[in-house]
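Geometric and topological summary
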Amino acid sequence: MAMAASLRRRAYPLMTAGSSLLSLRRHRLLGLRAFSGGRIRFLSSLPDSEPSSSSSSSSVATSPIPGRKVLESFREEFEIGSRVISIETGKIARFANGSAVITMEDTNVLSTVASAKGNDAARDFLPLTVDYQEKQYAQGIIPTTFMRREGAPKERELLCGRLIDRPIRPLFPPGFYHEVQVTVNVLSSDGKQDPDVMAANATSAALMLSDVPWNGPIGVIRVGRIDGKFVFHPTMDELSLSDLNLVYACTRDKTLMIDVQAREITERDLQAGLKLAHLEAVKYIDPQIRLAERAGKQKKEYKLSLISDRSFEKIKTLSEVPIEEVFTDPTYGKFERGEALDKITQSVKLKLEEECDEESLKFLSKAVDTVRKKIVRRRVIEKGLRVDGRQLDEVRPLYCESGTYPILHGSAIFSRGDTQVLCTVTLGAPGDAQRLDSIVGPPTKRFMLHYSFPPFSINEVAKRGGLNRREVGHGTLAEKALLAVLPPENDFPYTVRVNSEVMASDGSTSMATVCGGSMALMDAGIPVREHVAGVSVGLVSEVDPTTGEIINYRILTDILGLEDHLGDMDFKIAGTRKGVTAIQLDIKPAGIPLDIVCESLEPARKGRNHILDRMEQEIIAARNVNDGSAPRLATLKFSNDSLRRLLAHRKRIEQEAGARVSVSDGTVTIVAKTQSTMEKALEKVEFLVGREIEVGRTYKGVVSSIKEYGAFVEFNGGQQGLLHISELSHEPVSKVSDVVSIGQDLSLMCIGQDVRGNIKLSLKATLPQRGTEKKNSENQDSIVSPKQEHNFWASVENMPITAENVEPSDDEDDNDINGEESSGYSTPAIVIRSAAECDAQDTVAGQPVMKKSAKGTKSPRPYTPATKQREIGVSTMSNRKAGSMSTDKKVKKDRELDSYARSKEETDSNAKNISHVSEQIVDERPKSSGSASFRSGLLKLGDSVTVKVYQIRTHGLVLELEDGVRGMYKFEINGRRDFEVGKELRVTCSSFSTKGVPVFSLVE
């Protein structure tokens, strides 16, 4: 038996560790609540007899199963608001100095703490590092990078690391300069809760469980407000509806950190939210204390780097008087004070070296800084005097300038004292929005503010690296402040980037960025509701050395960099006149009472309004976005087929037009630098892709074919329309090819659509009328009123109009010679002959061309009252020669003519010689007064008549016959042109135009 026991111990050495069982019994005797206890143990009981790990009263098996290991963990569960939260330790990351996993629903966050064993004697600060990581496995996604793994820390990870660092750093004991690293990993995320607050609480628990000296724990909570009601730990969906995003960290009785993003919340409501947040945040403290008592390590005695009282008094005696002389003279500037302090330090160093006092030399810089701190703070507390001689609530002199660089989209300079920033604004397309790979929150961000702090701003030499935590934090604070006044995306679809370049720094550059950024946004033409300004408030307090309580304090408005360094608080508050939009509170002592924090809101409001007054004097409203160099942006909607065509031609459009074209979610966005570039790009898009056809709109097209009755034009992304010969010019046109040619680019107006869906185009509608005066009533009939709602129809992508598939239809005469104009696009449809019909028709010599005109009605065929026909003796051509049309297309033409002839009451069956045009019908269009139309008498070729000159035009005359019918005479080369309106001429009918208008020649 002894040998068997020895072999068992050799194979499983941990079985001999009975301390775990004794520790478990001690915990149970003390009555502590535990879900399981101990470290690692082996069980020999059967699987069905395993003790439950969720109950503190479960019994421990006495005979362990060889080879089975159970990880014992400690767990505390509690409730805050409506959320159930648990903190667990001992299950994972067991080798870390301290580790804790916090759980809220399906979101789990692990925080670990490790501390270096040795201490660098030359170090005079706490090298605390917080690394927050969000890996894509937490949401079940493989990274989309080339290597399919996470890269450098993203902005959000840096911000969450700062959020954890700020409340825990003040609680480390003075003189503790050992390197400490906090690593936070999001193990799983359901996308509902933001893990940042959970990570801060898990870090507090991990520090409590470690052996690192730390004066915690702390509680961190997020508070929102929806419909005037405060919500604790709101989900991401609830945050999108909330006008407040407050992150609050505290100890049991003091405030450590505040971070706020709000939509102009009042100071009174903000104070109420802070007080409620404190009451809920302290609920995190007791569970951490209980967990540390059960599973925490004993705190070690670390060596603290503290100066001895003897050395400090010695350095104070040598340096106090000259330092007080420097810092009580308000004429000293920032760099003058620094140079004077360096000289004082060097003089003290020489004296210490003469005395060979190595201990005092070791802490010389720290001791001189402490002496300076005490002098400055004493003057503020006792006399209310600041370093630069200002009053406690006085803001430094301000300088504002907008439109500094007109070539930029927006620019502004803001100076407060010696602090100066240059802010610029760049506008881009919606596709330029920043893509976010965060496991929670929106996937893109259309407003970005990038803060840059170059070394020259403080007259130093340093290397510029990658993302800097301080720069990211300051830029995000200013971004939150300005985001509240930006217009909604539907009203202003641009992507906006603000760059803040710090030109000189003497405190509160982040709040100067808010002021300069607000002016730059207005200078860029962004319709922000109102200005946003920011100011930093400081605190100098006097503490009772026995109790550690604050017994006296002063609140400083618009603190200098030195006052920030030597003071207790840096309270940055930004907002409008209506309320607060962003807050960031950082402190140096181990907490500040919440009452003092709330008291600081009022002087900050007064200082903010003072700055707003000066900013409004420079620029009070947004400029026009199209003024200056702001880019032009157009958003278009297309069907899926049109989008496919656009993607095929996008590179061509960008190269030829010089604009940027982006496609996202069925929306096409075009960004151009100038208006001319935008118009060119829109023309390219409309020509190559097409838009929804709109009556009265002008389109660019190319003549694809020419027929005797007009031309076919390709426009709007491959669609075709008919440009009838009557729509070529305001003057009579006898031949289409005289005006247009194949391949010619034209600007055409869509004037309607016939009953077959054919698009009718007009060239003369885009040309100014020359040499003619139209009556107002006629213009009103022919022009669509701008107040009239436009008619739209779907893009006829499935009905391409070509010369081969267009059926002939009747068309009204738009005869400018007869003094008529179209009554809008509601005219009757025309019958258009196909190309094959035209070719066949051309083979018939002398074939007459019938053209009818009718009043613009909804009837698909022209209609003339029969009584009027009888009154003026109209004769129609109804007889057709048998055998003149032998093909099927000619038969179809005959049927069209028969249908038209049957609508007339009187016919002339004796007309036999059609090829010589024995009769020609010329309609007079309806007058604006509404009088009935009439027809001229018989007129034959060779007839001589007396006419009057009605109009004199560029290429000929408009002649009027006795019965009011008008004809035309074309000027001959080197012929007579000395005509006068109203004079009578003797002319001979030489021919008829394709529309039946008589063409005359002068009688010799």
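Above this text sits the structure in question.
Let us look at the structure shown here.

Criteria and thresholds
Residues numbered from 1 in each chain as written. Predicted model: local features only at pLDDT ≥ 70, side-chain atom pairs only at ≥ 80, totals over all residues. Heavy atoms only, no water. Helix = DSSP H or I, 4+ residues; strand = E, 2+ residues; numbered from the N terminus. Buried < 20%, exposed > 50% of the residue type's maximum accessible area, 1.4 Å probe, protein only. Areas by Shrake-Rupley, 256 points an atom, 1.4 Å probe, with all protein chains shown as cover. Axes fitted to C-alpha atoms, helices over the stretch in contact; angles between N-to-C directions. Parallel < 35°, antiparallel > 145°, perpendicular 65-115°, else oblique. Left-handed = near helix turned anticlockwise from the far one by under 90°. Contact = heavy atoms within 4.5 Å. Nonpolar A, V, L, I, M, F, W, Y, C, P; charged D, E, K, R; others polar. Pairing = 2+ DSSP bridges. Polar contact = N/O pair within 3.5 Å; in protein donor to acceptor, adjacent residues only side chain to side chain. Core = buried A, V, L, I, M, F, W, Y, C linked by side-chain atoms within 4.5 Å. Expected span 1.5 Å × (residues − 1). Phe/Tyr/Trp six-rings, centres within 6.5 Å; stacked < 30°, edge-to-face > 60°.

1. Comments concerning the overall build of the chain
- A tally of helices and strands in the chain yields 22 helices and 36 strands.
- Counting all 1004 residues of the chain, 50% fall into the buried class.
- Total accessible area computed for the chain in this model is approximately 48600 Å², and 51% of it derives from carbon and sulfur atoms.

2. With respect to the packing of helix α8 (residues 309-327) against helix α9 (residues 334-355)
- Contact pair α8 / α9: the axes reach a minimum separation of 10 Å and the direction vectors enclose 160°. What the angle tells us is that α8 and α9 run roughly antiparallel. With respect to the hand of their crossing, α8 and α9 are arranged in right-handed fashion. Residues Lys314, Ile315, Leu318, Ser319, Pro322, Ile323, Val326 and Phe327 of α8 touch α9, and the partners they reach there are Arg337, Ala340, Leu341, Ile344, Val348, Lys351, Leu352 and Glu355.
- Residues that form the contact of α8 with α9 fall into these classes: 11 nonpolar, one polar and four charged.

3. Details of the sheet that holds strand β4 (residues 83-89)
- The six strands are arranged β3-β4-β5-β6-β8-β7 in an open sheet whose pairing can be described as mixed. The sheet terminates laterally at β3 (74-80) and β7 (128-133), the two strands that pair on one side only. For this sheet the average axis-to-axis angle between neighbouring strands, irrespective of direction, equals 15°.
- As judged from the six bridges shared by β7 and strand β8 (residues 180-188), these two strands associate in the parallel manner. Across the sheet, Gln133 pairs through a bridge with Asn185, a residue of β8.
- Set on the sheet, helix α4 (residues 195-209) makes contact with β4, β5 (98-104), β6 (107-115), β7 and β8; between it and β5 the angle comes to about 145°.

4. Focus on unusual backbone geometry
- Cis geometry is found at the peptide bond from Gly216 to Pro217, where omega equals 5°.
- With a phi close to 60°, Arg148 is a non-glycine residue in the positive phi region.
- Locating Arg148 in the fold gives a position in the loop between β7 and α3 (155-168).
- Phi at His233 is positive, roughly 50°, even though this residue is not glycine.
- Assignment of secondary structure puts His233 in the loop between β10 (229-232) and α5 (236-241).
- The exposure class assigned to His233 is buried, which follows from its relative accessible area of 3%.

5. Some remarks on the side chain of Glu76
- Take Glu76: it is sitting in strand β3.
- Among the residues examined, Glu76 registers a relative accessible area of 1% and is labelled buried.
- A polar contact of 2.4 Å, which involves the side chain of Glu76, links it to the side chain of Arg294.

6. Points about the pairing of β5
- Most of β5 sits out of view: seven of its seven residues are buried.
- Burial along β5 is two-sided: Gly98, Ala100, Ile102 and Met104 facing one way and Ser99, Val101 and Thr103 facing the other are all buried.
- Relative to β5, β4 runs antiparallel, the two sharing four bridges. Bridge pairing in β5 places Ser86 opposite Thr103.
- As judged from the seven bridges shared by β5 and β6, these two strands associate in the antiparallel manner. When the bridges of β6 are listed, Ser99 appears paired with Thr112.
- Counting the residues between successive antiparallel strands, the hairpin from β5 to β6 contains two residues, one of them, Glu105, with a positive phi of roughly 55°.

7. Some thoughts on the nonpolar core
- Grouped together as the largest cluster of nonpolar side chains are 136 residues, with contacts concentrated most on Phe414, Leu521 and Ile526.
- Ranked by the residues each element gives to this core, the list is headed by α4, at 10 residues.
- Setting aside its immediate chain neighbours within four residues, Ile526 contacts Val425, Leu427, Leu486, Pro487, Phe492, Val496, Leu521 and Ala622.

8. Re helix α18 (residues 675-688)
- In a regular helix each residue adds 1.5 Å, so 14 residues correspond to 20 Å; α18 covers 20 Å between its end C-alpha atoms and thus fits that length.
- By the burial criterion, the buried members of α18 are Thr677, Met678, Ala681, Val685, Glu686 and Leu688.
- Along its buried surface, α18 packs onto β24 (632-637), α17 (640-657), β26 (667-672) and β27 (698-707).

9. A short note on the environment of Thr103
- The residue Thr103 is located in strand β5 in this model.
- Residues within four places of Thr103 in sequence aside, it is in contact with Val84, Ile85, Ser86, Asn108 and Met198.
- There is a polar contact of 2.6 Å between the side chain of Thr103 and the side chain of Asn108.

10. Details of the packing of aromatic side chains
- Counted under the stated rule, the structure contains nine aromatic pairs.
- Ring centres of Tyr969 and Phe971 lie 6.2 Å apart, and the angle between their planes is 80°; this geometry places the pair in the edge-to-face category.
- Looking at Phe971, the relative accessible area reads 12%, which means it is buried.
- Judged by centre distance (6.1 Å) and plane angle (75°), the rings of Tyr969 and Phe979 are edge-to-face. One end of the pair, Tyr969, is in strand β34 (residues 966-970); the other, Phe979, is in the loop between β34 and β35 (984-992), and 10 residues separate them in sequence.

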